[in-house]
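# Commentary on secondary and tertiary structure
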Amino acid sequence: MQRRQFLCQAGATLAAASTVGLVGCTPATTRPGGSAAAAVGTHLQTDDRQLAPIHAQIDRITGVYVCTRPFRAAGPRIEMERLGEKTVVHNYGHGGSGWSLSWGSGTLALHMAQSTGATELGVIGCGAIGLTTALLAQRAGLAVRIYAKELPPDVFSMRASGLWTPDSRICQATHAPALAERWEMMTRLSYARYQSLLGLPGQPVEWIEGYSLSDAPFGKFHGDVPDEPEYGDFSDRVGDLTPRSVELAPGSHPFPEPYVRRYTTLMFNISSYANYLLNEFRAAGGHIEVREFHQPSDLHALPERTLVNATGYGARALFKDDSVIPVRGQTARLIPQPEVRYGLRSGNISVVPRSDGILVQVIGDAGNFNNPDTTPHREASEAAVRELADLMSQMRRG
Ligand SMILES: Cc1cc2nc3c(=O)[nH]c(=O)nc-3n(C[C@H](O)[C@H](O)[C@H](O)COP(=O)(O)OP(=O)(O)OC[C@H]3O[C@@H](n4cnc5c(N)ncnc54)[C@H](O)[C@@H]3O)c2cc1C
């Protein structure tokens with residue numbers, strides 16, 4: 001991808017606060033509330049010039065993590081299937097949006113499960129989707145048991161970036177019209193639920209600000225990764241949900257790039273958030289059983305007649321569903337710096353200031369689509385950290 005294109009993408013996604021897909025540069029005039037509607041900053045936010053430096057050193061990398069986004073061209077599979085005596089409600093295939101959409105997606109799945117008259121529910125999977133669906137079901141009065149071969153911190157969901165990205169790699173553009181309404185419903189439901197998770201001990205969810213940096217004006221480009229399909233971009237539909245981003249005038253920020261946008265977005269401190277979800281589930285009487293299923297018929301052994309299948313990428317093997325495509329993603333974490341409160345998107349990197357580590361992600365790189373390889377490539381993360389160090393060294397201080 002051309003640097004210019006990619007930076008624009010950065011502007012339209014993270015700057016957008018949030019409706020953050022992988023693609024998304026649309027004309028500034030077309031978005032009601034997202035990035036493209038960015039206002040030009042008329043006043044300075046003092047913080048813009050006083051950002052704490054990130055200690056971007058490769059010897060501060062605490063871990064390099066890889067996972068596969070469970071992408072489906074048509075979007076998440078949320079539907080019921082009869083399996084002999086059992087009803088299985090599928091809830092998988094959320095691409096790069098699983099955390100963001102989880103509460104909305106779980107609500108749809110729960111309504112389907114309730115339509116069977118079930119009072120007991122088995123949830124297969126303990127990632128973002130399984131945990132939130134299980135909690136919603138408990139709150140609706142069902143007795144819930146989670147079955148999963150791995151639990152946090154060993155599930156793929158724990159390796160996500162932790163941003164509000166409800167339309168990131170959520171479907172292929174050609175399928176977007178069919179998904180749009182359901183996506184919007186899930187997004188609005190999730191967003192509302194996230195507001196009730198703010199201000200909790202351990203800050204599982206919080207608002208942050210961040211900066212998209214570009215060497216070219218933010219404009220109308222599509223930042224597609226060359227070997228990936230064009231993805232659905234739904235940001236226009238929910239532009240009213242999140243604060244507008246603001247373009248900062250040259251000289252009003254410390255960055256070397258001439259074009260800078262400040263965005264405001266929700267961030268999930270995933271370690272703390274997953275811990276919160278697990279504790280809530282257990283405190284409400286939920287049980288968790290570590291168990292692996294190899295084929296759908298294994299589910300007959302479970303006592304619950306209604307099940308939710310929240311196995312993410314695992315659904316590809318378990319249900320032989322080749323429509324689930326792995327899209328590889330890699331992040332590195334640096335030693336946490338509580339004083340760093342801002343995100344960044346610049347060049348080939350994205351930075352998320354999580355409480356469990358400053359997350360540095362390579363973005364826009366090729367070779368990830370339909371790539372199930374979860375071997376970490378440390379050299380790629382080291383290069384990203386060096387790029388960040390270079391940016392830090394060029395920032396004006398004071
Ligand atoms: C690099 C990267 C960054 C991302 N960043 C974000 C982000 O910022 N925001 C966002 O919203 N999303 C993000 N995502 C996407 C998000 O991580 C996924 O959409 C989400 O994790 C999917 O959750 P899940 O619960 O469906 O799957 P998983 O987390 O994979 O959970 C699946 C569960 O099912 C279990 N399971 C699977 N197969 C079986 C089996 N056969 N038997 C028993 N149990 C089984 C597993 O053990 C696990 O418990 C990112 C993804 C990547 C790769």
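Computed from a predicted model, the values in this text were never measured in an experiment.

This part takes up the environment of Leu-213. Among the secondary structure elements, Leu-213 is positioned in strand β7 (residues 205–214). Residue Leu-213 is classed as buried on the basis of its relative accessible area of 0%. Measuring from C-alpha to C-alpha, the distance between Leu-213 and Leu-344 comes to 7.7 Å, with 131 residues separating the pair along the chain.

Moving on: the nonpolar core. Within the largest apolar cluster, 51 residues are counted, with the highest numbers of intra-cluster contacts made by Tyr-194 and Tyr-273. Counting only elements with at least two residues in this core, the list comes to α2 (98–114), β5 (120–124), α3 (128–139), β6 (143–148), α4 (176–195), β9 (259–268) and α5 (270–283). Here this core gets eight residues from one element, more than from any other, and that element is α2. Tyr-194 has contacts with Trp-99, Ser-100, Ser-102, Trp-103, Trp-164, Val-205, Leu-266, Phe-268 and Tyr-273, leaving out every residue within four places of it along the chain.

One pass over the structure, following the stated rule, counts 19 salt bridges. In this structure, the salt-bridge partner of Glu-280 is Arg-139, at a minimum N-O distance of 3.4 Å. Of this pair, Glu-280 sits in helix α5 while Arg-139 sits in helix α3; the two residues are 141 residues apart in sequence, bridging distant segments of the chain. Here Arg-139 falls in the partly exposed class, since its relative accessible area comes to 43%. For Arg-145, the salt bridge is made with Glu-289, and the minimal N-O distance between the two is 3.6 Å.

Once that is clear, we can look at the side chain of Asn-309. Within the secondary structure layout, Asn-309 lies in strand β11 (residues 306–309). For Asn-309, the residues in contact, after removing those within four places along its chain, are Val-88, Val-89, His-90, Asn-91, Tyr-92, Ile-124, Ala-315 and Phe-319.

Scoring rules and cut-offs
Residues numbered from 1 in each chain as written. Predicted model: local features only at pLDDT ≥ 70, side-chain atom pairs only at ≥ 80, totals over all residues. Heavy atoms only, no water. Helix = DSSP H or I, 4+ residues; strand = E, 2+ residues; numbered from the N terminus. Buried < 20%, exposed > 50% of the residue type's maximum accessible area, 1.4 Å probe, protein only. Core = buried A, V, L, I, M, F, W, Y, C linked by side-chain atoms within 4.5 Å. Contact = heavy atoms within 4.5 Å. Salt bridge = Lys/Arg side-chain N within 4 Å of Asp/Glu carboxyl O.

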